[in-house]
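# Breakdown of the fold
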Amino acid sequence: MCSGSYFSPPVRRVDIPKGDTGETRPLGIPTVADGIAQMVVKRFLEPIPEPKFDKDSHGYRPRKSAHDAPSVARRRCRDHDWVLDLDIKGFFDDIDWELLMRAVRRHTDCKWMLLYLERWPRAPVRMPDGQLIHREKGTPRGAVVSPILANLFLHHAFDPWMRREYPDVRFERYADDAIRHCRSEAQAQEPRLALEIRLAECRLRLHPDKTKIVYCKDANRKGTFPERAFDFLGYTFRSRLAINHRGGHFVSFIPAVGKKAAVKMRRRARAWRLHWRSDLGLDAIVEWVCPVPRGWVNYHGRFYPSRLRDELRTIDEFLVRWLHREYKRFRACPEKVARLFRQGHAPTL
């Protein structure tokens, strides 16, 4: 690699579902050897700009998790009545190569790194039918170096501009998703046009549908507004019933597992068709299924876990149906079996 003789092979294009609209999101999957080469550059480059990144930039950074941004957003929603929910449309696909390399050169002058960082985004894409397509902008999702390049680009395009133009405004950013907290509706509306102009200068654009102003309504905030919820990193922030330290109930603006994430969970649980798996015993089903719900609980169960429990009951329903098919003695008491699962107790077989 130091000699400059390594050339990146074509990137394999894979389309994955995007939400419930039928749209897809393109991924660029590098070869194993190319992934190792990108990891070499990433490990050299990442420590250089990392100390300079904004403290409210949470995405794809060492010693930061995907829970950090929602945690900070939850706390700041208690102090601010309004949110400007920002989303950059087609960010990874629209990154301008010239501006990207200009940002990279501000942090390193290593010739062999710059050589490969210019080559990788320009690698052709191999479509599912075998056709090769040459791109003119963007960096492929799925590439090892894409996260650090995205952070570098927005570190110069977005974060310092926000700090300079709106020094008193709080925000959290995770890659191309950002939340801006405001104290009034006017303060939320003011920067949107300015931000559109700023992103246009960087050859990017706001998503017209996903960018919106949200009123963080809770028990102490009066009035109404059409938008009173927003999605951020798989969580839906909206008014929910909460319990204080005295055991009393009140309405708070807090996150819980998002609607889109919950739909995906239910669809995956149905795709398992557990009630038809007569070839597996209960222990085998548990060993096969448990890793997936465990991942859901570890991430989406961080905030308002009771909402997630409601979604996971879909799995209980299929297990109850499996029991009724496999063990006839449980058919006479289906409610009892379902109640045991809801309480977290598996019936004795």
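Note that the structure is a prediction, hence the values are computed from the model and not measured.

What counts and how
- Residues numbered from 1 in each chain as written.
- Predicted model: local features only at pLDDT ≥ 70, side-chain atom pairs only at ≥ 80, totals over all residues.
- Heavy atoms only, no water.
- Helix = DSSP H or I, 4+ residues; strand = E, 2+ residues; numbered from the N terminus.
- Buried < 20%, exposed > 50% of the residue type's maximum accessible area, 1.4 Å probe, protein only.
- Lys, Arg positive; Asp, Glu negative; His and termini not counted.
- Salt bridge = Lys/Arg side-chain N within 4 Å of Asp/Glu carboxyl O.
- Polar contact = N/O pair within 3.5 Å; in protein donor to acceptor, adjacent residues only side chain to side chain.
- Contact = heavy atoms within 4.5 Å.
- Expected span 1.5 Å × (residues − 1).
- Arc of directions from axis to C-beta.
- Patch = residues over 30% accessible without salt bridge, like charges linked within 9 Å, V, L, I, M, F, W, Y side chains within 5 Å.
- Areas by Shrake-Rupley, 256 points an atom, 1.4 Å probe, with all protein chains shown as cover.
- Pairing = 2+ DSSP bridges.
- Axes fitted to C-alpha atoms, helices over the stretch in contact; angles between N-to-C directions.
- Phe/Tyr/Trp six-rings, centres within 6.5 Å; stacked < 30°, edge-to-face > 60°.

Along the chain, Arg180 turns up in strand β7 (residues 177-182). Salt bridges are absent for the buried Arg180, whose nearest opposite-charge side chain, Glu190, sits at 5.9 Å. One polar contact links the side chain of Arg180 to the main-chain carbonyl oxygen of Gln187, over a distance of 3.1 Å. With near-sequence residues (within four places) excluded, Arg180 lies in contact with Trp82, Val83, Leu84, Met162, Tyr166, Val169, Arg170, Phe171, Gln187, Ala188 and Pro191.

Let us look at helix α1 (residues 32-45). Structurally, the α-helix is built with 3.6 residues per turn, so residues lying three or four positions apart point the same way. In this model α1 runs 20 Å from its N-terminal to its C-terminal C-alpha over 14 residues, within 8% of the 20 Å that 1.5 Å per residue would give. Listed as buried for α1 are Asp34, Gly35, Ala37, Gln38, Val41, Lys42 and Leu45. Each buried residue of α1 sits inside an arc of 160° when the element is viewed along its axis, so together they form one side. α1 presents Val32, Ala33, Ile36 and Arg43 as exposed residues on the side facing more than 90 degrees away from its buried surface. Each element contacted by the buried residues of α1 is listed here: α5 (111-119) and α6 (146-157).

Here we come to a nonpolar patch on the surface. A cluster of nonpolar residues, Val32, Ile36, Val40 and Phe44, forms a patch on the protein surface that exposes about 400 Å² of accessible area. Counting through the fold element by element, Val32 comes out in helix α1. Residue Val32 is classed as exposed on the basis of its relative accessible area of 69%.

This part takes up the sheet that holds strand β9 (residues 230-232). Spatially, β9-β10-β11 is the arrangement adopted by the 3 strands of the open sheet, whose pairing is antiparallel. Unpaired on one side and paired on the other, β9 and β11 (249-257) mark the two borders of the sheet. Pairs of neighbouring strands in the sheet enclose a mean axial angle of 50°, with direction left out of account. Here β9 pairs with strand β10 (residues 235-243) via 3 bridges, running antiparallel. By the bridge assignment, Phe230 is partnered in β10 with Phe237.

Let's shift gears to the packing of aromatic side chains. If you walk through the whole model with that rule in mind, you get 16 aromatic pairs. Measuring from centroid to centroid gives 4.7 Å for Trp82 and Tyr215, while their planes differ by 40°, and the two rings are tilted. Placement of the pair is Trp82 in strand β3 (residues 82-87) and Tyr215 in strand β8 (residues 212-215), with a sequence separation of 133 residues. In this structure, Trp82 and Tyr215 share a single accessibility class: buried. Taken together, a centroid distance of 5.8 Å and an interplanar angle of 35° make the contact between Tyr116 and Trp120 tilted. Residue Tyr116 is classed as buried on the basis of its relative accessible area, which comes to 1%. Put simply, the rings of Tyr6, Tyr116 and Trp120 pair up and form one aromatic cluster.

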